[in-house]
Amino acid sequence: QVRLVETGGGLVRTGGSLTLSCEGTGRTFGDYGMGWFRQAPGKEREFVAAISWAGGRTFYETSVEGRFTISRDNAKNTMYLQMNSLKPEDTAVYYCAADRIRMRFALPAAEHEYTYWGQGTQVTVSS
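Rules and cut-offs
Residues numbered from 1 in each chain as written. Predicted model: local features only at pLDDT ≥ 70, side-chain atom pairs only at ≥ 80, totals over all residues. Heavy atoms only, no water. Core = buried A, V, L, I, M, F, W, Y, C linked by side-chain atoms within 4.5 Å. Buried < 20%, exposed > 50% of the residue type's maximum accessible area, 1.4 Å probe, protein only. Helix = DSSP H or I, 4+ residues; strand = E, 2+ residues; numbered from the N terminus. Contact = heavy atoms within 4.5 Å. Disulfide = S-S within 2.5 Å. Phe/Tyr/Trp six-rings, centres within 6.5 Å; stacked < 30°, edge-to-face > 60°. Lys NZ or Arg CZ within 6 Å of the ring centre and 35° of its normal. Pairing = 2+ DSSP bridges.

K.L.:
So what exactly am I meant to see when it comes to the nonpolar core here?
P.N.:
Counting residues in hydrophobic clusters, the biggest one holds 26 residues, and the most contacted among them are Trp36, Met79, Leu81, Met83 and Tyr94. Looking at this core, the elements that each hand over two or more residues are strand S3 (18–25), strand S4 (32–39), strand S5 (46–51), strand S7 (68–73), strand S8 (78–83), strand S9 (92–102) and strand S11 (121–126). With four residues, S9 is the largest single contributor of residues to this core. Beyond its immediate chain neighbours, meaning those up to four positions away, Met83 contacts Gly16, Ser17, Leu18, Leu20, Arg67, Phe68, Tyr94 and Val123.

Right, dumping it as structure tokens:
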């Protein structure tokens, strides 16, 4: 069974940085693209960033581009989200997710394209 576990969330002040990690087990981690999503209080879950199965291609939601960096280390079965210049509006529960299609070229932003999800990690940015 595939399992994804996020770590690294916490409380940070505006302008600060955090790095989230997502470790996967249960299938060949490096064969699947991955994504980060987030859900703020009272809002629907939204796409944040995606990375290809080999890590060579990335895609970001507009509001985080230039501030967040998605990366992965397939040898460690782990994906990362480096978040810099954090803003209060980045406050949310952050989820990692694994693509449903093996070695897909596209980098999907839609939730239904991801089969497995982590439990989420809370990120709170104080003003």
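We are not done yet, so read on.
K.L.:
What's the story with the state of the cysteines in this structure? I'm lost.
P.N.:
Joining two cysteines, a disulfide is a covalent bond between their sulfur atoms. In this structure the tally under the stated criterion is one disulfide. Note on cysteine connectivity: Cys22 is disulfide-linked to Cys96, with sulfurs 2.1 Å apart. Since a negative S-S torsion denotes a left-handed disulfide, the Cys22-Cys96 link at about 60 degrees is right-handed. Residue Cys22 is found in strand S3, and its partner Cys96 is found in strand S9; the two are separated by 74 residues along the sequence. Considered together, Cys22 and Cys96 belong to a single accessibility category, that of buried residues.

K.L.:
For this particular structure, what's the right way to read the packing of aromatic side chains?
P.N.:
Two aromatic rings are characterised by how far apart their centres lie and by the angle between their planes. Scanning the entire structure with this criterion turns up five aromatic pairs. Aromatic rings pair up to connect Phe37, Phe47, Phe59, Tyr114 and Trp117 into one cluster. One cation-aromatic arrangement involves Arg45 over Tyr95; the distance from NZ or CZ to the ring centre is 4.8 Å. Its guanidinium or amino end placed over the ring of Trp117, Arg45 lies 3.9 Å from that ring's centre, counting from NZ or CZ.

K.L.:
Help me understand the pairing of S7, please; the structure alone is not making it clear to me.
P.N.:
Two faces, one strand: in a regular strand the side chains alternate between the faces of the sheet. Residue alternation in S7 divides its side chains into a buried set, Phe68, Ile70 and Arg72, and an unburied set, Thr69, Ser71 and Asp73. In this sheet, S8 lies alongside S7 in antiparallel orientation, the contact comprising six bridges. Its bridge partner lying in S8, Ile70 is registered against Leu81. Hairpin connection between S7 and S8: a loop of four residues separates the two successive antiparallel strands, and Asn77 in this loop has a positive phi of roughly 55 degrees.

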